[in-house]
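Below are the chains, spelled out letter by letter.
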Amino acid sequence: FFNFTGKVVDTTSDEDENNSIASKNDFSPRSEGLEEKYVGKVIDGDTVIVDGESIRLLGMDTDERGYPCFNVAKKRIEELILGKKVVLEKDVEDKDQYDRYLRYIFLNGKNINLQMVEEGLAVSRFSPKNQKYKNEILEAEANARDNKVGCKWSGKSQVSGTGTNNLIEDVKKMILQLLPRKIN
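Enquirer: Looking at this structure, I do not really get the overall build of the chain. What am I missing?
Expert: Tallying secondary structure elements over the chain gives 6 helices and 8 strands in all. The secondary structure elements of the chain, listed N-terminal to C-terminal, are α-β-β-β-β-α-β-β-β-α-β-α-α-α. Counting all 184 residues of the chain, 41% fall into the buried class. The long-range fraction of contacts in the chain, counting pairs at least 24 apart against all pairs at least 6 apart in sequence, stands at 62%. When the accessible area of the chain is evaluated, it comes to approximately 10,700 Å², of which 48% is carbon and sulfur surface.

Written as structure tokens, this is what we have:
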């Protein structure tokens, strides 16, 4: 198991090696170096805190604060994993440029990173090295986009406080709020 020092211990046995490639519908973790931990805090839709360490979910990207889908993505990841025991799975790279651990997160055998893309709350995002679930996530993104699923693809904005459900109008309002106001 990794212990947030970057050290990975092989947890596979010889019999597991023959079963390491999952079928299309089996999204259980596929590698050694797995660890079960409780999610203590959600920063946003793709970053959580586990044991005081920042974890960036791999293979996907959600909106940052101030962008249309931030609130709905953050709320959904909280619903899914906050306070729950999850399995963290490493890919090739251990940390990103911001010193966050890079992991796939599983709950009850379900790939949460993939689920966020399936639900249209995140887009796919891969580095050249971390591509373990790339095919499944790209397929989920295409399906969500084609079927206009979730905040990212439905055409409805989720910007907090505007209530217009119109992305163009919400962006205009955000820009106007940032511009200096004239004093009469």
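Now that the structure is up, let's keep going.
Enquirer: Help me understand the side chain of Q115, please; the structure alone is not making it clear to me.
Expert: If you trace the backbone, Q115 turns up in helix α3 (residues 112-118). Look at Q115 and you get buried, because its relative accessible area is 12%. What Q115 contacts, discounting residues up to four positions off in sequence, is R76, L80 and K110.

Enquirer: Before we go on, may I ask you to explain the packing of aromatic side chains in this structure?
Expert: Working definition: an aromatic ring pair is given by the centre-to-centre distance plus the angle between the planes. If you walk through the whole model with that rule in mind, you get 2 aromatic pairs. One aromatic cluster in this structure is built from Y104, F106 and Y133. Over the ring of W153 we find R145, and its NZ or CZ is 5.6 Å from the ring centre.

Enquirer: Can you walk me through the nonpolar core in this structure?
Expert: Note on soluble globular proteins: their nonpolar side chains tend to be buried together. Ranked by size, the top nonpolar core spans 33 residues in total, and within it V48, I77, I81, V86, I105, I112 and M116 carry the most contacts. Sorting the residues of this core by element identifies β1 (34-44), β2 (47-50), β3 (53-57), α2 (70-81), β5 (85-95), β6 (101-107), α3 and α4 (134-146) as the ones contributing at least two each. Ranked by residues supplied to this core, first place goes to β6 with 6 residues.

Enquirer: Explain the layout of surface pockets here, please?
Expert: Empty pockets left among the atoms are what a rolling probe the size of a water molecule brings to light. Here the largest pocket is characterised by a volume of approximately 340 Å³. Together, 21 residues line the largest pocket, and R56, D96, R100, L102 and R125 are the ones closest to its centre. Of the residues contributing to the lining of the largest pocket, the split by class is 6 nonpolar, 5 polar and 10 charged.

Enquirer: Can you walk me through α4 in this structure?
Expert: Note on helix geometry: an α-helix contains 3.6 residues per turn, so any two residues three or four positions apart are oriented the same way. Compared with an ideal rise of 1.5 Å per residue, which puts 13 residues at 18 Å, α4 spans 18 Å between its outermost C-alpha atoms and is within 8% of the ideal. Restricting attention to buried positions, one finds in α4 the residues E136, I137, A140, E141 and A144. One face of α4 carries all of its buried residues, which in axial projection span an arc of 135 degrees. The exposed residues of α4 that point more than 90 degrees off its buried face are N135 and D146. Buried residues belonging to α4 abut β4 (59-61), β6, α3, β8 (123-125) and α5 (150-153). Following α4 by one or two positions, K148 adopts a phi angle in the positive range, close to 50 degrees.

Cut-offs and rules
As a convention, each chain's residues are numbered from 1 in the sequence order in which they are written. Whole-chain, interface and lining totals are the exception, using all residues; otherwise, since this is a predicted model, local features are given only for residues with pLDDT of at least 70 and side-chain atom pairs are given and counted only at 80 or more. To get the side-chain values, take all heavy atoms of the structure and skip hydrogens and water. Secondary structure elements are defined from DSSP: runs of H or I of at least 4 residues count as helices, runs of E of at least 2 residues count as strands, and each element is numbered from the N terminus. Burial status follows relative accessibility: with a 1.4 Å probe on protein chains alone, a residue under 20% of its type maximum counts as buried, one over 50% as exposed, and anything between as partly exposed. Any pair of residues with heavy atoms lying within 4.5 Å of one another is described as a contacting pair. Accessible areas in this description were obtained via Shrake-Rupley with a 1.4 Å probe; residue shielding takes into account the shown protein chains only. What counts as a ring pair is set by centres within 6.5 Å for rings of Phe, Tyr and Trp (its six-membered ring), and what kind of pair is set by the plane angle: stacked under 30 degrees, edge-to-face over 60, tilted for all other angles. Consider the ring centre and the ring normal. A charge sits over the ring if Lys NZ or Arg CZ is within 6 Å of that centre and within 35 degrees of that normal. We define the nonpolar core as a collection of buried residues of types Ala, Val, Leu, Ile, Met, Phe, Trp, Tyr and Cys that are connected through side-chain atoms lying within 4.5 Å of one another. Here a cavity is any set of points on a 1 Å grid over the protein atoms alone where a 1.4 Å probe fits but cannot get out, and a pocket is any open set with protein on both sides within 12 Å along at least 5 of 7 lines; a residue lines the site when it has an atom within 4 Å of a point. Grid points are joined across faces, edges and corners, and a volume is the space filled by probe spheres set on the points. Each residue receives one of three labels: charged for Asp, Glu, Lys and Arg, nonpolar for Ala, Val, Leu, Ile, Met, Phe, Trp, Tyr, Cys and Pro, and polar for the others, Gly being one of them. Every helix has an expected span of 1.5 Å times one less than the residues it contains. The arc in question is traced by the directions running from the helix axis to the C-beta atoms.

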